[in-house]
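Take a look at the letters that make up each chain.
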Amino acid sequence: QAPFDVMALRNDFPILRREVHGKPLVYLDNAATSQTPQQVIDVFSDYYSRYNANIHRGLHTLADEATVAYEGTRQRVKAFLNAEEARQIIFTRGTTEAINLVAQSWGRTHLAAGDEVLISLLEHHSNIVPWQLLAAERGFTIKVIPVDETGALDMAAYRALLSERTKLVAVNHVSNALGTINPVKEMAALAHQHGAVILIDGAQAVPHQKVDVQAIDADFYAFSGHKVYGPTGVGVLYGKQALLEAMPPWQGGGEMIKTVSFDVGTTFADIPHKFEAGTPAIAEVIALDRALEWVEGIGVAAIGEWEGVLLEHATQGVKRIDGLRILGTAPHKAGVLSFVVDGAHSQDIGLLIDQLGVAIRTGNHCAQPLLQHFGVDATCRASFAAYNTLEEVDVFIAALNRVIGMVR
Ligand code: PMP
């Protein structure tokens with residue numbers, strides 16, 4: 001039993017009414033991107049038909065309306081994450097860009113040879129590669145926090161890796177590949193004891209649980225709009241005020257300056273505008289406001305609770321399949337079910353199950369080091385959202401059984 005009316009809420013999502021290969025769509029690829037409610041879709045036509053204008057510059061009515069709506073999202077995100085101040089919310093293109101911003105601005109000025117950056121084996125490539133690129137330039141060392149056989153972080157190893165050389169810990173809050181929920185509050189406290197800064201990739205956490213950046217004591221926290229029922233092209237970087245204020249700009253251009261001069265040099269705007277060069281994704285930012293409003297209307301804790309029910313039902317269903325191995329069995333898990341099947345390639349399963357209308361993810365989930373560790377190069381992954389139903393999980397399990405029968 002869901003803590004909200006799932007059938008009523010499904011009506012908000014026009015895409016859930018479509019068919020795929022003549023079958024009703026069962027969309028279980030929510031960790032890659034979630035579907036978008038009509039309220040969010042409507043923002044685009046409303047914005048472009050009524051108040052499309054560049055923000056922060058014009059004195060005319062349209063520019064003012066667009067600016068108020070854009071800045072309104074910043075207030076919404078501030079409350080959503082429980083940030084201290086709205087100016088600590090920076091709009092980016094997504095989690096990836098938020099992490100690159102921290103790497104290029106904070107990292108380039110704070111990391112040098114002899115320093116260590118701790119990341120985990122659970123990281124998405126977007127929280128690995130920016131640090132590798134910078135390490136090649138700055139000469140610091142990257143160390144990797146290992147995981148146990150359930151896919152939980154090895155906290156004893158984490159404690160042992162921390163030292164006065166540690167300048168940054170960069171970890172995800174929830175793993176997209178396995179669903180593991182990491183103890184980020186405890187990790188932040190430990191990082192701080194060693195004088196290190198912690199960046200948390202919250203792309204997979206924000207849609208499924210209440211996130212309070214102050215309670216976690218996160219220094220940086222990033223997420224993407226498109227995984228939380230919003231559009232692509234917009235994401236958020238939260239940062240502690242003192243850190244953001246001390247950081248140099250990353251991209252230069254309009255909007256991020258106070259004054260520009262060839263003679264006396266250029267001065268920069270205050271945060272958050274210092275980090276928002278150029279015309280941003282205005283409609284997308286406004287649409288993110290509507291997405292978060294939608295999530296708050298249902299309650300993110302209630303959504304997470306329902307996804308837990310779906311995950312449990314799906315887990316019981318796949319456990320009955322011979323030769324199926326679940327990857328990621330940590331006690332604290334979000335709604336992600338990753339598995340491999342003996343004698344059946346993940347890609348084949350993904351392609352064939354699509355013929356039955358079921359959308360799951362197959363591949364390495366942008367977490368190649370993690371999959372290598374588990375000795376596989378791909379898994380199948382079903383991931384859940386507020387609008388999924390127990391009946392859909394049953395359709396998925398039946399389809400999976402059929403497909404495995406075909407390929408074995
Ligand atoms: N981190 C995690 C844990 C993710 O799941 C994703 C998206 N799969 C990202 C980062 C990157 O997000 P984006 O592609 O929206 O920048």
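Since the model is a prediction, treat every value here as computed from it, not as a measurement.

## Notes on the overall build of the protein chain
Stage number 1. Each helix and strand counted, the protein chain has 14 helices and 17 strands in total.
Stage number 2. Relative to a compact globule of 408 residues, whose C-alpha radius of gyration would be 22 Å, the protein chain shows 22 Å and is just as compact.
Stage number 3. Projecting the C-alpha coordinates of the protein chain onto the three principal axes gives extents of approximately 75 × 55 × 35 Å.
Stage number 4. For the protein chain, the residues scored as buried account for 47% of the 408 residues in total.
Stage number 5. Residue pairs in contact within the protein chain that sit at least 24 positions apart in sequence constitute 71% of those at least 6 positions apart.

## Regarding the domain arrangement of the protein chain
Stage number 1. Domain assignment breaks the protein chain into domain 1 (6-30 + 299-407) and domain 2 (42-297).
Stage number 2. Summarising the inter-unit geometry, the C-alpha centres of domain 1 and domain 2 are found 28 Å apart.
Stage number 3. For the side of domain 1 that touches domain 2, the elements supplying multiple residues, two or more each, are helix H11 (300-319), strand E14 (336-341) and helix H13 (368-373).
Stage number 4. Here the side of domain 1 that touches domain 2 is composed, by residue class, of 11 nonpolar, 8 polar and 2 charged.

## What about H11?
Stage number 1. Between the first and last C-alpha of H11 there are 28 Å, a value that for 20 residues agrees with the 28 Å anticipated at 1.5 Å per step.
Stage number 2. Looking only at H11, the buried set comprises Val300, Ile303, Gly304, Trp306, Glu307, Leu310, Leu311, Ala314 and Val318. Seen along its axis, H11 keeps its buried residues to an arc of 160°; they face one direction. Every exposed residue of H11 that faces more than 90 degrees away from the buried side is listed here: Ala301, Gln316 and Lys319.
Stage number 3. Those residues of H11 that are buried are in contact with helix H10 (282-298), strand E13 (324-327), E14, strand E17 (379-383) and helix H14 (390-407).

## Section: the sheet that holds strand E4 (residues 89-92)
Stage number 1. As summarised here, the arrangement of the 7 strands in space is E4-E10-E9-E8-E7-E5-E6, forming an open sheet in which the pairing is mixed. Both outer strands of the open sheet, E4 and strand E6 (141-145), are each paired with one neighbouring strand and no more. Each strand of the sheet is rotated relative to its neighbour by a mean of 20°, with strand direction disregarded.
Stage number 2. In this sheet, E6 lies alongside strand E5 (residues 116-120) in parallel orientation, the contact comprising 5 bridges. Bridge assignment links leucine 118 to a residue of E6, and that residue is lysine 143.

## Let's talk about the site of the ligand
Stage number 1. The local shell around the ligand consists of Gly94, Thr95, Thr96, His124, Ser126, Asn172, Asn176, Asp201, Ala203, Gln204, Ser224 and Cys366.
Stage number 2. In terms of residue class, the shell around the ligand is built from 2 nonpolar, 9 polar and 1 charged.

## Some remarks on the sheet that holds E17
Stage number 1. Across the sheet, which stays open at both edges, the 4 strands sit in the order E13-E14-E17-E16 with antiparallel pairing between neighbours. Two strands bound the open sheet, and with one partner strand each, they are E13 and strand E16 (361-363). Strand after strand, the sheet turns through a mean of 30° between neighbouring axes, direction not considered.
Stage number 2. Pairing analysis gives 3 bridges linking E16 to E17, with the strands arranged antiparallel. Residue pairing in the sheet places arginine 361 in a bridge with arginine 381 of E17.
Stage number 3. Lying over the sheet, H11 contacts E13, E14 and E17, oriented at roughly 10° with respect to E14.

Definitions and cut-offs
Residues numbered from 1 in each chain as written. Predicted model: local features only at pLDDT ≥ 70, side-chain atom pairs only at ≥ 80, totals over all residues. Helix = DSSP H or I, 4+ residues; strand = E, 2+ residues; numbered from the N terminus. Rg over C-alpha atoms; globule rule 2.2 N^0.38 Å. Buried ≥ 20, exposed ≤ 12 C-beta atoms within 10 Å, placed from the backbone. Contact = placed C-beta atoms within 7 Å. Domains from an automatic or database assignment. Nonpolar A, V, L, I, M, F, W, Y, C, P; charged D, E, K, R; others polar. Expected span 1.5 Å × (residues − 1). Arc of directions from axis to C-beta. Pairing = 2+ DSSP bridges. Axes fitted to C-alpha atoms, helices over the stretch in contact; angles between N-to-C directions. Near = placed C-beta within 6 Å.

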